[in-house]
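Each chain, written out:
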Amino acid sequence: MVRSDRGPLRMTVAAAADGERLDRVLAHHFPEISRSRFQSMIAAGAVSVGGIAVREPRHGVRQGDEIVASVPEPVDATPEAETIPLAVVHEDPDLIVIDKPAGLVVHPAAGNWTGTLVNALLAHCGDSLSSIGGVRRPGIVHRLDKDTTGLMVVAKNDQAHRALQRQFAEHGRDGRLERAYLAFAWGRPPRQSGAIRAAIGRKRTSRTKMTVVPEGSGREAATHYQLLESFSFGRDPAASLLRLELETGRTHQIRVHLAHIGHPLLGDDTYGAGFRTFAARLPTPARDALKALNRHALHAAMLGFEHPTTKLPMRFESPLPADMASLLAALRAAS
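First things first, this report covers the structure right here in the doc.

## Remarks on the sheet that holds strand β4 (residues 66-69)
Here we have four strands laid out as an open sheet, ordered β1-β4-β2-β3, and antiparallel in their pairing. A single partner strand is all that each edge strand has here, and the edge strands are β1 (9-12) and β3 (52-53). One ladder, built from three bridges, connects strand β2 (residues 47-49) with β4; its direction is antiparallel. Bridge pairing links Val47 to Ala69 in β4.

## Considering the layout of surface pockets
Approximately 260 Å³ is the volume attributed to the second largest pocket. What lines the second largest pocket is a set of 14 residues, and nearest its centre among them are Gly267, Asp269, Arg276, Ala279 and Leu290. When residues of the lining of the second largest pocket are assigned to their parent elements, the largest contribution, three residues, is made by helix α6 (residues 284-293). Tallied by class, residues from the lining of the second largest pocket come to five nonpolar, three polar and six charged.

## Topic: empty space enclosed by the protein
Over the atoms a probe the size of a water molecule is rolled, and this reveals where empty space is left. For the coordinates displayed, the defined rule picks out one cavity of 30 Å³ or more. His142, Leu144, Leu151, Arg179, Ala180, Tyr181, Ala300, Met302 and Leu303 together form the lining of the largest cavity. Elements that contribute at least two residues to the lining of the largest cavity include exactly β8 (178-186) and β14 (298-306). Here the lining of the largest cavity is composed, by residue class, of seven nonpolar, one polar and one charged.

## Concerning helix α4 (residues 158-170)
If you check α4, its first and last C-alpha atoms are 19 Å apart, about what 13 residues at 1.5 Å a residue would give, namely 18 Å. Against the buried residues of α4 lie β7 (149-155), β8 and β14. You can read the cap of α4 off the contacts: a side-chain oxygen lies 3.3 Å from the backbone nitrogen of Gln159, and it is on Asn157.

## Some points on unusual backbone geometry
A positive phi angle is found at His171, which is not glycine, with a value near 55 degrees. In the Ramachandran plot, Lys311 falls in the positive-phi region, its phi being about 70 degrees despite a non-glycine side chain. Mapped onto the fold, Lys311 is located in the loop between β14 and β15 (313-317). Owing to a relative accessible area of 48%, Lys311 belongs among the partly exposed residues under this scheme.

## Focus on the environment of Glu80
Take Glu80: it is sitting in the loop between β4 and β5 (88-91). Judged by its relative accessible area of 58%, Glu80 is exposed. C-alpha separation for the pair Glu80 and Asn112, spaced 32 residues apart in sequence, amounts to 13 Å.

## Here we look at the side chain of Asp268
Inspection of the secondary structure puts Asp268 in the loop between α5 (253-260) and α6. Reaching out from Asp268, the side chain makes a polar contact with the side chain of Arg255 at a distance of 2.9 Å.

## Some words on the environment of Arg35
Residue placement: Arg35 occurs in helix α2 (residues 35-43). Exposure remark for Arg35: the relative accessible area of 32% places this residue in the partly exposed category. Separated by 13 residues in sequence, Arg35 and Leu22 have C-alpha atoms that sit 9.8 Å apart. Ignoring sequence-local partners within four residues, the contact set of Arg35 consists of Arg21, Asp23, Arg24 and Ala27. For Arg35, the side chain forms a polar contact with the side chain of Asp23, separated by 3.2 Å.

## Focus on the pairing of strand β13 (residues 237-246)
On a regular strand, each side chain points to the face opposite its neighbour's, so the side chains alternate between the two faces of the sheet. With seven of 10 residues buried, β13 lies mostly within the body of the structure. Of the strand pairs in this sheet, β8 and β13 are connected by six bridges, and their pairing is antiparallel. When the bridges of β13 are listed, Tyr181 appears paired with Leu244. Between the antiparallel neighbours strand β12 (residues 222-232) and β13 lie four residues, among them Gly234 with a positive phi of about 105 degrees.

## Notes on helix α3 (residues 117-125)
Residue pairs three or four apart in sequence face the same way in an α-helix, which turns once every 3.6 residues. Among all positions of α3, only Leu117, Val118, Asn119, Ala120, Leu121 and Cys125 are buried. Along its buried surface, α3 packs onto β5, β6 (95-100) and β7. Its side-chain oxygen 3.3 Å from the backbone nitrogen of Val118, Thr116 forms the N-cap of α3. Two residues or fewer past α3, Gly126 is found with a positive phi of approximately 65 degrees.

About the thresholds
- Residues numbered from 1 in each chain as written.
- Predicted model: local features only at pLDDT ≥ 70, side-chain atom pairs only at ≥ 80, totals over all residues.
- Heavy atoms only, no water.
- Pairing = 2+ DSSP bridges.
- Helix = DSSP H or I, 4+ residues; strand = E, 2+ residues; numbered from the N terminus.
- 1 Å grid on protein atoms, 1.4 Å probe; cavity = no way out; pocket = protein on both sides within 12 Å on 5 of 7 lines; lining within 4 Å.
- Points joined across faces, edges and corners; volume = space filled by probe spheres on them.
- Nonpolar A, V, L, I, M, F, W, Y, C, P; charged D, E, K, R; others polar.
- Expected span 1.5 Å × (residues − 1).
- Contact = heavy atoms within 4.5 Å.
- Polar contact = N/O pair within 3.5 Å; in protein donor to acceptor, adjacent residues only side chain to side chain.
- Buried < 20%, exposed > 50% of the residue type's maximum accessible area, 1.4 Å probe, protein only.

If you want it as structure tokens, here you go:
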């Protein structure tokens, strides 16, 4: 985060603000900056209390606390074209289908203003991307997490964008959209196939994480899974290869739902941190393959939709990327 030339903002918490939320105190003391802006700064680690960075806006401050907030310089809202290699699976005047690699952020945001899929698309497609998503998300109909690989469709004009948006909003209920993922999960689900139905909402203690919440307090979410293969080293199954389909499309849905049933993704340090020690139980080749993966093991393997102009069904498949294929080979060889 770039520091402002005018220097950081500094304040000392008064007695009247004792116990108040950090974001609220800052917004009250510096009214020229919005509370939501302070929330973003806090989440980015740009605010310290007593010399320690605090990343939770609801953090309660105490009388006498010294608060320092480093205000970033304004960022140009318009992304620039960057020559970044793209794996183009299909392209026509209305849309482009790409196979996203791991590590590629979909669109510019705090901490990733450059080097994103949008920057690459601007270089590849020029001005021929839909405007519905705004200047930072031209053509973006749906997203994949930074470390999730696989198929994405991008709209080149507003008509195509609206038509694809309607299909994604239905999540396949009208028979037009198909999406399937391949994933490696710890352990083995209790049944060969099943559905995970649990509402998802933002975690109260961390605005960047999602979690399962009571019905009525989050958004309805449903994930269908099928066990394709399991791998055992000893008496208990160590890991499974799953095929997953989404009935809804919530942020981090697959990762949250699998963690909820006790089978988080291999390599998912966000939702499967409690399973890190399980890696030590893997045979050495499988453990090395998981270490080399260095991300959560999730791949968008199939994408089907109705073409927005021709109305013909389009269907694309992507094989496991090399890092996940190596993990599969290692698990099979050892089990």
